[in-house]
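Each chain, written out:
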Amino acid sequence: MIRPRSFAPRVALAVAVVVLVTSFLGAGWGWLRAQGALRQQLDLVLAAEAEGLLRDYESFGLRGLAEVAESTSRRRGPLLVLLQTADGRPIAGRLPSAPTALQGFATWRRGGGEVPLRVLGAVLPSGANLIVAADLSSVDRAAYALAWAPPVAGGVAALVALLLGFLFGQGLERRLAAISDAARAVMAGDLTRRLPESGRGDEFDRLAATINAMLERIETLVAEVRQVTDDVAHDLRSPLSRLRQRLEAALARARDPAADAEALEGAVEELDGILATFAALLRIARTEAGAGREGFARVDLSALVLAVSEAYAPSAEEAGREMEVKVAPGVFIQGSAPLLRQALANLLDNTLAHGAGRIRISLGAGAVLEVSDKGPGIPPEEREKVVRRFYRLDRSRGTPGTGLGLSLVSAVAGLHGGALTLEEGSGGRGLSAVLTLRGGEV
C-alpha cells in the first residue's frame, strides 16, 4: 500500500499535470497554426480556380464563362462559383446572398448562417462580378482534429505516467520498508543485520553495499571495543589484586619505616605498570583512529632505522645476541617519525624478549622494514592472534610485558597505509616481522 505522501506517486502526478497543461497549450498553438496554414492553402486553391475562370472569360467571353460557372456549380464539389451582374442579379452558378461588386478575398456567412465561407471576387471588364467560394467548416474541422492530437497524446502519457508512478512507488515502498526494518534492527542492537540487495546493481544496491560495508566496520569496531574491555578487565585484575594484597599486608603488620617504604615502592611500581598499560592502549586507540596523520612529514627512514638499531645494540650485546643491520640508503616516506621509531622499538623489544640467535634488521627499497631472528617463532595459527591487544602465547605468559607491543606496530602500519606481516624465518626457523608501508618512498 502506497502512503499518501509517497515520493513516486507525487512525482508521477506532477509529471501528469505538467504533461496535460503543456498538451493543452500546445493544442491551442497547434490549432492557430493549423488553421492559418489550411486557410492559406484554401486561398491558393481559390486563386487558382479564379485564374482558370478568368482565362475562360478571355477565351470564350461572358457567355462561355457563364457556361463554365454553371457546369462547376452542378458538380457539387467543395468549390462554389457565382457569376452576377453589377447590381447583383445572378447570371450563372449558385451562391445565395452573395455580396455585390466583391473584389479580393473575404470571409462571410452564407445567408447569415453558421457556416462561414471563404470567397474571392473579381470584377470583369464587362462589369460582371465573378465570385469563387469554399466552405471553411472543413478547414476548421481539420484544424480542430490536428489540435486535439496533443491533448489526446498528453492524456495517454499522463495516464501512463500515473500508472508507472504507482508501480514504481510500490517497488520503492517495498525496498525502503526492507531498508527501514534492517535499520531498526541495527538500532535495536542487532549489528549482524544488513540491508537487502536486489542483485540488479542499481543505485539502491550500490547504496546498500556502501551502508553494509559501514555496518560491517561498525560491528568490527564494537566487537574490538568489547574485546578490549574484556581484556582490560582480565589483564588488569591480576596487577590490581597484587597491589591490593601488598597494601593490605603492609597495613596488617606493625609499622616499620623500612618495610613500609619497600611496600610503597612496590605499589608505585605496580601502578607504573598499570599506567603504562593504559598509556599503550590510548596510544593504540589514537593511532587506529588516525590521530597523528595531520602531522605527517618527510621522514628519512634509513637514518631512523640506523639510529634505533644503534640504540638497541648495547641491549643485544648484553643479551649475547648478534645484530645484523642492512639498510638501503635514501629511503624517505611521508609519516610520523615518533610512531615509526616506537614501532621499530617494539619489534626489537619483542625479539629480545622472545626470540633467539642473530637479530637481522633490513630496510629495502619501497619502505619495507624486516626484523627477524632464529628463535622458536610463532605457530601459523597464532600469528593473526598475537597482534590483538593483550594476546600472549602460553610460553610467554611468565615473561614481562602486556601483550600490546605488536598491536601498536600493527596500528602504526595501518596509519601509514601499510600492514604488519608475521612470517616464518629463513631456513624454517625463527620469526620474521615485515612492516610494509604502502605509501612507498617519496
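In this text the structure is predicted, and so the values were computed from the model without any measurement. (Residues numbered from 1 in each chain as written. Predicted model: local features only at pLDDT ≥ 70, side-chain atom pairs only at ≥ 80, totals over all residues. Heavy atoms only, no water.)

To continue, consider the overall build of the chain. The helix and strand tally for the chain stands at eight helices and 12 strands. Going through the 442 residues of the chain one by one, you find that 36% of them count as buried. The long-range fraction of contacts in the chain, counting pairs at least 24 apart against all pairs at least 6 apart in sequence, stands at 59%. Total accessible area computed for the chain in this model is approximately 25600 Å², and 59% of it derives from carbon and sulfur atoms. (Helix = DSSP H or I, 4+ residues; strand = E, 2+ residues; numbered from the N terminus. Buried < 20%, exposed > 50% of the residue type's maximum accessible area, 1.4 Å probe, protein only. Contact = heavy atoms within 4.5 Å. Areas by Shrake-Rupley, 256 points an atom, 1.4 Å probe, with all protein chains shown as cover.)

We now examine empty space enclosed by the protein. Over the atoms rolls a probe the size of a water molecule, and its path tells where empty space is left. All told, the structure shown has one cavity of 30 Å³ or more when counted by the stated rule. The space that makes up the largest cavity amounts to roughly 50 Å³. Considering the residues around the largest cavity, the lining is formed by Leu301, Leu304, Leu340, Ala343, Leu344, Leu369, Leu435 and Leu437. Across the lining of the largest cavity, the residue classes break down as eight nonpolar, no polar and no charged. (1 Å grid on protein atoms, 1.4 Å probe; cavity = no way out; pocket = protein on both sides within 12 Å on 5 of 7 lines; lining within 4 Å. Points joined across faces, edges and corners; volume = space filled by probe spheres on them. Nonpolar A, V, L, I, M, F, W, Y, C, P; charged D, E, K, R; others polar.)

One finds Leu301, Leu340 and Leu348 to be the most contacted residues of the largest nonpolar core, which totals 35 residues. Where this core is concerned, the elements lending two or more residues are helix H6 (301-318), helix H7 (337-354), strand E9 (359-364), strand E10 (368-372), helix H8 (405-415), strand E11 (419-424) and strand E12 (431-436). The contact partners of Leu348, leaving out residues within four places of it in the chain, are Val308, Tyr312, Ile359, Ile361 and Val371. In terms of nonpolar packing, the next biggest core, distinct from the first, is built from 20 residues, Ala50, Tyr57, Ala66 and Ala92 among them. (Core = buried A, V, L, I, M, F, W, Y, C linked by side-chain atoms within 4.5 Å.)

Right, let's get into the sheet that holds E9. Pairing is mixed across the open sheet formed by five strands, whose spatial order is E7-E9-E10-E12-E11. Edge positions in the sheet fall to strand E7 (323-327) and E11, since each has one partner strand and no second. On average, each strand axis in the sheet is tilted by 15 degrees relative to the strand beside it, whichever way the strands run. Sheet topology places E9 next to E10; five bridges connect them, and they run antiparallel. (Pairing = 2+ DSSP bridges. Axes fitted to C-alpha atoms, helices over the stretch in contact; angles between N-to-C directions.)

So, on to the confidence of the model for the chain. Looking at the chain, the pLDDT average stands at 77 and 79% of residues meet or exceed 70. The least confident element of the chain, judged by mean pLDDT, is helix H5 (residues 257-288) at 73; the most confident is H6 at 89. Note that pLDDT drops below 50 for residues 394-398; the model gives that stretch five contacts with residues more than four away or on any other chain. (pLDDT = per-residue confidence, 0-100.)

Pairing is antiparallel in the open sheet, where five strands are placed in the order E2-E1-E5-E4-E3. Every interior strand has two partners, whereas the edge strands, strand E2 (90-93) and strand E3 (104-109), have only one. Ignoring strand direction, the axes of neighbouring strands in this sheet form an average angle of 25 degrees. In this structure, strand E1 (residues 79-84) lies alongside strand E5 (residues 129-135), joined through six bridges in antiparallel fashion. Bridged to Val81 within E5 is Val132.

What follows concerns the pattern of salt bridges. For the coordinates displayed, the defined rule picks out nine salt bridges. A salt bridge links Arg184 to Asp181; the shortest N-O distance between them is 3.3 Å. Taken together, the positions of Arg184 and Asp181, both in helix H2 (residues 137-187) and three residues apart, correspond to about one turn of that helix. The salt bridge partner of Arg358 is Glu322, with a shortest N-O separation of 3.0 Å. Taken together, the residues span a long stretch of sequence, with Arg358 in the loop between H7 and E9 and Glu322 in the loop between H6 and E7 at a distance of 36 residues. Look at Arg358 and you get partly exposed, because its relative accessible area is 46%. (Salt bridge = Lys/Arg side-chain N within 4 Å of Asp/Glu carboxyl O.)

Moving on: a nonpolar patch on the surface. On the surface, a cluster of nonpolar side chains totalling about 1100 Å² of accessible area is made up of Leu20, Phe24, Tyr144, Trp148, Val152, Val156, Val160, Leu163, Leu164, Phe166 and Leu167. When residues of the nonpolar patch are traced back to their parent elements, those giving at least two are helix H1 (7-74) and H2. Counting residues per element, the nonpolar patch draws most heavily on H2, which supplies nine residues. Note on placement: Leu167 falls in helix H2. (Patch = residues over 30% accessible without salt bridge, like charges linked within 9 Å, V, L, I, M, F, W, Y side chains within 5 Å.)

Following the criterion strictly, the structure yields zero aromatic pairs and no others. Above the face of the Phe332 ring, Arg298 is positioned so that its terminal group lies 4.0 Å from the ring centre. (Phe/Tyr/Trp six-rings, centres within 6.5 Å; stacked < 30°, edge-to-face > 60°. Lys NZ or Arg CZ within 6 Å of the ring centre and 35° of its normal.)

The α-helix advances 3.6 residues per turn, and as a result positions three or four apart in sequence lie on the same side. Counted at 1.5 Å a residue, the expected span for H7 with its 18 residues is 26 Å, and the 26 Å between its end C-alpha atoms agrees. Within H7, the full set of buried residues consists of Leu339, Leu340, Ala343, Leu344, Ala345, Asn346, Leu347, Leu348 and Thr351. (Expected span 1.5 Å × (residues − 1).)

By the element assignment, Asn212 lies in helix H3 (residues 203-235). When neighbours within four sequence positions are excluded, Asn212 is seen to be in contact with Arg194, Leu195 and Glu197.

Our next topic: the environment of Gly430. By the element assignment, Gly430 lies in the loop between E11 and E12. Gly430 sits in the buried class, given a relative accessible area of 9%.

This paragraph deals with H6. Between its first and last C-alpha atoms H6 spans 26 Å; for 18 residues at 1.5 Å apiece the expected length is 26 Å, and the two agree. Residues of H6 that are buried make contact with strand E6 (297-300), E7, strand E8 (332-335), H7, E9 and E10. Structurally, the start of H6 carries an N-cap: the backbone nitrogen of Ser302 is 3.3 Å from a side-chain oxygen of Asp300. Just beyond H6, the residue with positive phi is Gly320, at close to 75 degrees. (Polar contact = N/O pair within 3.5 Å; in protein donor to acceptor, adjacent residues only side chain to side chain.)

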